[in-house]
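# Overview (structure and organization)
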Amino acid sequence: MTADWTKEFVDKTPIEYILTVPAVWPDKSKSDTLKCAVDAGFCSAGEVSLITEPEAAAVYTFTTLPEYSIKEGDIFLTCDAGGGTVDLITYRVLATKPVLKVEEATLGTGGLCGSVYLNRRFEEFVTKKIGKYLDALPRVAYVEGMTEIHRAFNEEVKTDFGHGLEDEKEYTVEVPAGIPDSEEAGVRDGCLVIRQKDLEEVFDPVIDRIVMLIAEQIEAVSELPGESRVSAILLVGGFGSSEYLRRKIEGNPLWEGTDVIQPVNAWSAVVRGALLRGLQGDIVSTRKIRNFYGIEYRHAWDPEIHEVGDFANEAAKHKVWSDIEHRFFCAERMNWYVKRGDEFSSSMVVNFPFYRAITDTAQLRFTDELITYTSSGDAPDFMDSQCSVLAGIEVDLTSFPLETWETVQGPAGSYYKVHYALEMGFEAAISFKVVCKGTVVGEIVADYDKK
């Protein structure tokens, strides 16, 4: 009886799934994550949403900091240092009551400098010390030995390093039987002795990359209008819970006087923040777009635009003739509807208006391509090798009879002018809708494999 009641209760309880993704992931990876969740049967497309990991960590930290007074106008840098990636986003506090609201103050950044790179450097250290002995072991003994060495590093050494630095603390990791004690190899009593200096050489190059990312964010804040400065650095994530990482960041003279906060449960701040986001809603009012997004289009040829100045030479390469409209166009022009640094809220959308000249119903089914520019600097005027197709967007307007469209009588005969719009929204991932004649025709299927 109890089991039946429990099942009925669960079946009737609304469930929302929130997935966290690294902020530095490309749009395709975020879309693939959503698709995998739906395909795996966790939920339908409308029951799952994404939140970036540094944002989730910030939600948790902002709402669980009783020891730190958050004031309107404060600027916080969230550094989410995880296993593979390190993501940084800087937020400005807009309001603390009745609910906390923040906005992204600068463009988020990140890099591949998570704790997995410590493991790689540690393995290089082990190979340098006892590699010749490991290679001489039977294959099974080698694999089991390295597995145990990595376990000890992950669970005992990596998590403790940073405590007791003043005492020149040493760590020992058991090595496989058969490896002799050797002062040169650093093996004593059947264990590899790891000195503080050895670990500094493992940790410091990885941490130096994180420090560089933090410095870039702090410099970006200093360039904001007014006397803007970072009030505190929030250090979260699995690697973010490292005491040695905290000490290195806290002791950096580049941001002397800035608090470095490592909240309780820093290692699980991302998942806790994702749950809080589901319970209390979105605290981020606006986010900054990291790339350029636009559509390739044709522009009616205008001598006063396309045959003037430096632009004329490039435009001439893209001059094409339309048999349907019986005139020249400047093709492969880029219209960047969304630019790097633009601010978006989760409820805000951008509208791309288009028209197509068609002569029959078969042309009402077509594919538009959403183009992105992720390189540094300004996006180009024309499609080039630095631009990439983000998604193939399938559009089907066959539900509208031909006679509903504007009829144009051209020199080569009559044709139909089909007006429609693409609406684009941003949160952790990009969403698309097709709008035609004021009606949302439906969600667009964005095929990221159409290149």
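Residues numbered from 1 in each chain as written. Predicted model: local features only at pLDDT ≥ 70, side-chain atom pairs only at ≥ 80, totals over all residues. Heavy atoms only, no water.

### Examining the environment of K339
For K339, the location among the structural elements is in the loop between β15 (327-338) and β16 (343-344). Remark: the alpha-carbon pair of K339 and G240, spanning 99 residues in sequence, is separated by 31 Å. In this view, K339 contacts I289, N291 and F292; residues no more than four positions away in its chain are not counted. (Helix = DSSP H or I, 4+ residues; strand = E, 2+ residues; numbered from the N terminus. Contact = heavy atoms within 4.5 Å.)

### A short note on the environment of H326
On the secondary structure map, H326 appears in the loop between β14 (319-322) and β15. Between the C-alpha atom of H326 and that of G410, which follows or precedes it by 84 residues, the distance is 7.1 Å. Setting aside its immediate chain neighbours within four residues, H326 contacts W321, P411 and A412.

### Describing the domain arrangement of the protein
Domain assignment breaks the protein into domain 1 (12-110 + 225-288), domain 2 (115-204) and domain 3 (291-445). Each of domain 1 and domain 3 has a C-alpha centre, and the two are 35 Å apart. In this assembly, 13 residues from domain 1 lie in contact with 13 residues from domain 3. For the pair domain 1 and domain 3, the number of links is one salt bridge. As a salt-bridge pair, K288 and E343 come within 2.9 Å of each other at their nearest N and O atoms. Linking domain 1 to domain 3 there are two residue pairs in polar contact (both at pLDDT 80 or more). (Domains from an automatic or database assignment. Salt bridge = Lys/Arg side-chain N within 4 Å of Asp/Glu carboxyl O. Polar contact = N/O pair within 3.5 Å; in protein donor to acceptor, adjacent residues only side chain to side chain.)

### Digging into the nonpolar core
I130, F203 and I214 are the most contacted members of the largest nonpolar core, which totals 51 residues. Sorting elements by how many residues they give to this core places helix α6 (residues 196-222) first, with eleven residues. When residues of this core are assigned to domains, at least three fall in each of domain 1 (12-110 + 225-288) and domain 2 (115-204). The residues touching I214, leaving out its near neighbours within four places in the chain, are L77, C79, L88, I233, I249 and W255. In this structure, I295, F366, M424 and V434 belong to the second largest nonpolar core, which totals 29 residues. (Core = buried A, V, L, I, M, F, W, Y, C linked by side-chain atoms within 4.5 Å. Buried < 20%, exposed > 50% of the residue type's maximum accessible area, 1.4 Å probe, protein only.)

### A closer look at the side chain of D198
Tracing the chain through its elements places D198 in helix α6. Given the relative accessible area of 6%, D198 is considered buried. There is a polar contact of 3.0 Å between the side chain of D198 and the side chain of R195. Beyond its immediate sequence surroundings of up to four residues, D198 is in contact with F125 and V193.

### Digging into the packing of α6 against helix α7 (residues 243-250)
A pair of packed helices is characterised by two quantities: the angle between their axes and the separation of those axes. Interaxial distance between α6 and α7 falls to 10 Å at its minimum, and their mutual angle equals 50 degrees. Taken together, α6 and α7 sit at an angle that is classed as oblique. By crossing handedness, the relation of α6 to α7 is classed as right-handed. For the pair α6 and α7, contact is made by E200, F203, D204, I207, I210 and I214 and by Y244, L245, K248 and I249, respectively. (Axes fitted to C-alpha atoms, helices over the stretch in contact; angles between N-to-C directions. Parallel < 35°, antiparallel > 145°, perpendicular 65-115°, else oblique. Left-handed = near helix turned anticlockwise from the far one by under 90°.)

### Overview of the confidence of the model for the protein
On average, residues of the protein score 86 in pLDDT, and 94% of them are at 70 or above. In this model residues 445-451 is a low-confidence stretch, pLDDT under 50, and it forms 21 contacts with partners more than four residues away in sequence or in other chains. (pLDDT = per-residue confidence, 0-100.)

### Topic: unusual backbone geometry
Residue P98 follows K97 across a cis peptide bond; omega there is 0 degrees. With respect to the helices and strands, P98 occurs in the loop between β4 (86-95) and β5 (101-104). The phi dihedral of D189 is positive, around 55 degrees, even though this residue is not glycine. Summarising the element assignment, D189 is placed in the loop between β8 (187-188) and β9 (191-194). Given the relative accessible area of 67%, D189 is considered exposed. Unlike most non-glycine residues, E332 shows phi in positive territory, near 60 degrees.

### Considerations on the pairing of β14
Pairing geometry for β14 and β15, over four bridges, is antiparallel. From the neighbouring strand, W321 faces β15, where its bridge partner is F328. In this antiparallel pair of consecutive strands, β14 and β15, the connection spans four residues, and H326 shows a positive phi of 60 degrees. (Pairing = 2+ DSSP bridges.)

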